[in-house]
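Next come the chains, spelled out residue by residue.
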Amino acid sequence: MVDASLYAAFLVAAFALCITPGPDMMFIVAMGGRSGPTAGVMAAFGVACAMLVHAVAAVLGLSALFTHLPALYHVLRWAGAAYLLYLAVKAFRDRTPLAGAESGSATGPSRWRAFWQGAVTNLLNPKVILFNVAFLPQFVNPDLGHVPVQFLALGITIVVMGFCVDGTIGLLAGKLTSALRGSRRVARALNIFSGTVFTGLAVRLAAASPK
């Protein structure tokens, strides 16, 4: 269903993209730093699920709406920036000790909160949608037919690869946090770090252009 040479080139390009620090990776590091290794992995899982949604949208042609409705791009962009600022405010105002201080991992609700925050943050980033439109078609061979299946195979591949990389990053960030637990000063510093990351991501998203 896919061109073997194109797929090999795609694997190299996708891996390079996955290991390059970007907004999703910074978000996952911040979540792991605040709530422990489990939350870091769950945030990565949320991002991966959102990426799968983007891939399916690209297959269905929904991403092409940005070409015809540029206002939709800006609506999503500002919604994503507002959500990140909301997370930043919560982090800056948080005065509680690090989550799961005794167990070294986030509690049940915190895990799923990290998952949904990762998913929503990625879903509200129109740059990810544009990425799928611009990047994936380069590795599709129309002569082989089954173009939607080729799109989906590439999308699933980068989702799995991205989760392996981001999940590892989230786990390591959480493990480092676990080693520093017990200090309110450290907890406060990590909350400030997370809030700063979220604010930076919000500004970056708000300033982004569809070009």
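Shown above is the structure to which this text applies.
Note that this is a predicted model, so its numbers are computed, not measured. (Residues numbered from 1 in each chain as written. Predicted model: local features only at pLDDT ≥ 70, side-chain atom pairs only at ≥ 80, totals over all residues. Heavy atoms only, no water.)

> Any chance you could explain the overall build of the protein here in plain terms?
When you go through the protein residue by residue, the secondary structure sums to nine helices and zero strands. Beginning at the N terminus, the succession of helices and strands in the protein can be written as α-α-α-α-α-α-α-α-α. The 211 residues of the protein split such that 45% are buried. Once local pairs closer than 6 in sequence are excluded, the contacts in the protein between residues at least 24 apart make up 87%. For the protein, the accessible surface area stands at approximately 10500 Å², while carbon and sulfur atoms represent 72% of it. (Helix = DSSP H or I, 4+ residues; strand = E, 2+ residues; numbered from the N terminus. Buried < 20%, exposed > 50% of the residue type's maximum accessible area, 1.4 Å probe, protein only. Contact = heavy atoms within 4.5 Å. Areas by Shrake-Rupley, 256 points an atom, 1.4 Å probe, with all protein chains shown as cover.)

> Looking at this model, I keep getting lost on the nonpolar core. Mind explaining?
Nonpolar side chains in soluble globular proteins generally cluster together in the buried interior. Grouped together as the largest cluster of nonpolar side chains are 29 residues, with contacts concentrated most on Phe-27, Met-31, Ala-43, Ala-114 and Phe-198. Counting residues in each nonpolar core, the second largest holds 13 residues, with Ala-14, Ile-158, Met-161 and Val-165 among its members. (Core = buried A, V, L, I, M, F, W, Y, C linked by side-chain atoms within 4.5 Å.)

> Can you help me understand the state of the cysteines in this one?
Linking two cysteines covalently via their sulfur atoms produces the bond known as a disulfide. Applying the stated rule across the entire model yields zero disulfides. Here Cys-18 is not disulfide-linked; the sulfur of Cys-164 is the nearest cysteine sulfur, at 9.0 Å. Overall, Cys-18 belongs to the buried group, its relative accessible area being 11%. (Disulfide = S-S within 2.5 Å.)

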